[in-house]
Amino acid sequence: MLSIKNLRAGIEGKEIIKGFNLEVKAGEVHAIMGPNGSGKSTLSNILAGREDYLVSSGEVSFNGKDLLDMSPEDRAREGLFLAFQYPIEIPGVSNINFLKTAINEIRAYKGLGPMEAKDFLKLIKEKQALVELQGSLAGRSVNEGFSGGEKKRNEIFQMAVLEPTLAILDETDSGLDIDALRIVANGVNKLRSADRSFIVITHYQRLLDYIVPDFVHVLYDGVIVKSGTKELALELEEKGYDWIKKEVVEA
Amino acid sequence: MIAAEKISSTGKLVSDFEEVKKTLPGNSFVQNIRQKAIESFAELGIPARKNEEYKYSNVQKLFADTVTLSVAEAPFSNISIQKYLIPNLDAHTVVLANGVFSEELSSLKNLDKSIVVSSLQNAFEKHPELIEKCFSKCADINSDAFIALNTAYAADGIFISVPDNILVEKPIHIINLIAAKESTLFFPRNLFVVGKNAQVQLVETFETHDLPVKAISDSVTEIAVDENAKVQYYRLQNDCENGQQINTVCASQQKNSHFDTNTVTLSGGWIRNNLNIALNGENCETHLNGLFITSDTQHVDNHTLVDHRKPHCESNQTYKGILDEKSTGIFNGKIFVQRDAQKTNAYQSSKNILLSDDATINTKPQLEIYADDVKCSHGSSTGKIDDDALFYLRARGLGIASARKLLLHAFVNDVMQTIRINALREYLETLIHKKLGE
Ligand SMILES: Nc1ncnc2c1ncn2[C@@H]1O[C@H](COP(=O)(O)OP(=O)(O)OP(=O)(O)O)[C@@H](O)[C@H]1O
Ligand SMILES: [Mg+2]
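Computed from a predicted model, the values in this text were never measured in an experiment.

## Things to note about empty space enclosed by the protein
All names here are of chain B.
Item 1. The final tally for this structure, using the stated rule, is four cavities of 30 Å³ or more.
Item 2. As for the largest cavity, its lining consists of 24 residues, of which Asn 176, Ile 178, Phe 206, Ser 217 and Gln 245 are closest to the centre.
Item 3. Of all the secondary-structure elements, those providing two or more residues to the lining of the largest cavity are strand 7 (172-179), strand 10 (199-210), strand 11 (215-225) and strand 13 (243-253).
Item 4. The greatest single-element share of the lining of the largest cavity, amounting to five residues, is contributed by strand 11.
Item 5. When the residues that make up the lining of the largest cavity are grouped by side-chain class, the tally is nine nonpolar, 12 polar and three charged.

Written out as structure tokens, the structure is:
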């Protein structure tokens, strides 16, 4: 599904991603952990197509296509979704309205006609229920005046509506209360399927109790320095990152 | 009748007046005012570049191309106005052709008998008492050269009188049409008198019917809003690129009255709007909203003046501009709070988006506050489309064009929501959609 080979990228002359490799197969859930500033959000943004970052070398293929060659919208239309670490507020643009435009443009890209209004409404209702998002929030302007937790839930709601094949969740658990965490995790779990993959970026093992990953990677200073299974997350929770940093220095 | 004279300068306009005035309508009261007005114009002259009020709007250049003076002839009436009507707007329609009231093109059936909608000429004859009370009262001939020039030369326009306690059920739609084969200067003059406890919605649209050459319209509209009256006044400026306007609106409010106005400028080559509101009674409320979306080499200059003369009034201004290509915009908002006007609330905001590096906007708030117990604020911002927002939408699958459009619609949304006539708002939304889609 996603194959990242030796990716190097940065911003304003500063290299942040320093030779990154990752293979994600259909249906897999990968967790990426790592200290603040190690490059997790940078990686997510590069994958989503943020133009501020400069890719100096490496390859990224997504379902066999060259991802780095595509515009952000085409990446989304090909099935990539990024739940932002800090979702922005867009006053005046209604959630529903923009999702409808998004769905129809994605459909047009695939050669399909616009979705029937009643089908769209049904879809919205269904997905709202999935992430237990209040109806009033869906009808409001994108994230405007939403609490931190509501913004995160809205990201998952959008993901549920757009049904991507690869979803990157950048610290979606940060700022969620315990109930919201469970709801978001449930939402993700219900969307898990054999042809849908997830990259879950988190600082907390707790989320991984709910969304059980197939692999856990540690990103440190722009590269994956350790990979393992869900037990690695438990170990990190217990011991912190120092031992890994030490390993890196020694190696 | 007309005086077809070549003009190009202050001096010529002043000397031509001697001949033209013999043909102008109005009793001695009106003629007297005209005389004073031309004297004031002679003194003020066509404003030069160094005139602070016209610093960014070069009117000298506008008048440099010789123009023909048109004083009072409706040159066309055998046209269809269908395309100038607003879809689904159930309204009384009044047509001003080259600044002259056209009875044939207007449709005023079913208008309550007590309400007068007629030509200004007619009002000069039939309603001298209202003319003496309200004509040339809030538009001060000594304050601005174009008010003076219009007051001297204006031969016609629309007169509306809504008597006390009358609620006009349907909006009155005033359609301004301009057509000329030669570069012409027009002087439309309107007077709206709204009585105590009366209510009316006015929609004014500006269109060029057939204008292969440049024309200038120096128009003045006076609106007298009496105690406890409520007036909504919406304007859509949609001229072709040859249309040039110096458009002055002066409203005077008496106590407990509401005046809401909205100026939407979508096309037209060169536009200067002067919007002056005088709050002459306590507890008045006034909302001034504006929106301009410009492209090409369009020039749109909005000057507002809100004069708080009495206590406990509130004024609220929101102007938004989207400027593309080589267009230029100006927002200059003056707020005066006089010594008497305690407990004033006055707000002003001007926000602009530049879509091109060649577009420019100048914004200037001017607050002069002589009372001490007031709440005033102003803010202005100019920027580009928010890149983060654009990326967010694109990351959800929206193409760059529709993402931009959505963000620009969002930007103008609060101004659009102040338009309380649904058919008008929907019509404007379609026009805006088209304009942004170019
Ligand atoms: N636009 C930018 N300009 C300059 N430096 C940047 C920019 N974006 C990211 N960086 C730098 O790149 C490094 C990686 O940042 P990034 O946000 O990817 O970290 P992160 O792993 O997501 O951290 P966190 O866990 O705190 O979210 C940091 O040192 C950050 O300061
Ligand atoms: Mg981050």
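Structure shown, so let's carry the discussion forward.
## A look at the coordination of the magnesium ion (ligand 2)
Residues and elements named next belong to chain A.
Item 1. All of the protein donors around the magnesium ion (ligand 2) are Ser 41 (OG) and Gln 85 (OE1); their distances to the metal are 2.0 to 2.1 Å. With Ser 41 in helix 1 (residues 40-48) and Gln 85 in the loop between strand 6 (80-83) and strand 7 (90-94), the pair connects residues that are 44 residues apart, well separated along the chain.
Item 2. Classification of Ser 41 by relative accessible area gives partly exposed; the value is 22%.
Item 3. Overall, Gln 85 belongs to the buried group, its relative accessible area being 15%.

## Focus: the interface of chain A and chain B
Item 1. Taken residue by residue, the interface counts 31 residues in chain A and 17 residues in chain B.
Item 2. Between chain A and chain B the total buried area reaches about 1,900 Å² when both faces are included, carbon and sulfur atoms providing 64% of it.
Item 3. Three residues stand out in chain A for area buried against chain B, namely A:Arg50, A:Glu73 and A:Ile88, and they jointly supply 27% of the buried area on that side.
Item 4. Linking chain A with chain B are four salt bridges, by the criterion used here.
Item 5. Across the pair B:Arg394 and A:Glu51 runs a salt bridge whose closest N-O atoms are separated by 3.7 Å.
Item 6. Where chain A touches chain B, the interface holds 11 residue pairs in polar contact (both at pLDDT 80 or more).
Item 7. Taken together, the elements giving at least two residues each to the side of chain A that touches chain B come down to helix 1, helix 2 (72-77), strand 6, strand 7, helix 3 (95-109) and helix 6 (148-162) of chain A.
Item 8. Here the side of chain A that touches chain B gets five residues from one element, more than from any other, and that element is helix 3 of chain A.
Item 9. In terms of residue class, the side of chain A that touches chain B is built from 18 nonpolar, seven polar and six charged.

## Points about the pairing of strand 2 (residues 14-24) of chain A
Residue and element names in this part refer to chain A.
Item 1. Note that strand 1 (residues 2-11) and strand 2 share eight bridges and pair antiparallel. Bridge pairing links Ile 4 to Leu 22 in strand 2.
Item 2. A loop of two residues connects strand 1 with strand 2, the two strands running antiparallel in sequence, and Glu 12 in this loop sits at a positive phi of about 45°.

## Examining the sheet that holds strand 1 of chain A
Residue and element names in this part refer to chain A.
Item 1. The antiparallel open sheet is built from four strands, whose spatial order is 2-1-4-5. Of all strands in the sheet, those bounded by a partner on one side alone are strand 2 and strand 5 (65-66).
Item 2. Here strand 4 (residues 54-62) pairs with strand 5 via two bridges, running antiparallel. Bridging across to strand 5, Phe 62 finds its partner in Lys 65.

## Regarding helix 4 (residues 117-130) of chain A
Residues and elements named next belong to chain A.
Item 1. Taking 1.5 Å as the rise per residue, helix 4 with 14 residues should run 20 Å; its terminal C-alpha atoms sit 20 Å apart, in good agreement.
Item 2. Those residues of helix 4 lying buried are Phe 120, Leu 123, Ile 124, Lys 127, Gln 128 and Leu 130. Axial view of helix 4: buried residues confined to an arc of 150°, hence all on one face. Exposed and facing more than 90 degrees away from the buried side of helix 4 are Lys 118, Leu 121, Lys 122, Lys 125 and Ala 129.
Item 3. Close packing links the buried residues of helix 4 with helix 3, helix 5 (135-139), helix 6 and helix 7 (178-191).
Item 4. Directly after helix 4, the chain includes Glu 132, whose backbone phi takes a positive value near 50°.

What counts and what doesn't
- Residues numbered from 1 in each chain as written.
- Chains lettered and ligands numbered in written order.
- Predicted model: local features only at pLDDT ≥ 70, side-chain atom pairs only at ≥ 80, totals over all residues.
- Heavy atoms only, no water.
- 1 Å grid on protein atoms, 1.4 Å probe; cavity = no way out; pocket = protein on both sides within 12 Å on 5 of 7 lines; lining within 4 Å.
- Points joined across faces, edges and corners; volume = space filled by probe spheres on them.
- Helix = DSSP H or I, 4+ residues; strand = E, 2+ residues; numbered from the N terminus.
- Nonpolar A, V, L, I, M, F, W, Y, C, P; charged D, E, K, R; others polar.
- Donors = N, O, S within 2.8 Å, 3.2 Å for Na, K, Ca; no water.
- Buried < 20%, exposed > 50% of the residue type's maximum accessible area, 1.4 Å probe, protein only.
- Contact = heavy atoms within 4.5 Å.
- Buried area = accessible area lost by both parts, 1.4 Å probe.
- Salt bridge = Lys/Arg side-chain N within 4 Å of Asp/Glu carboxyl O.
- Polar contact = N/O pair within 3.5 Å; in protein donor to acceptor, adjacent residues only side chain to side chain.
- Pairing = 2+ DSSP bridges.
- Expected span 1.5 Å × (residues − 1).
- Arc of directions from axis to C-beta.

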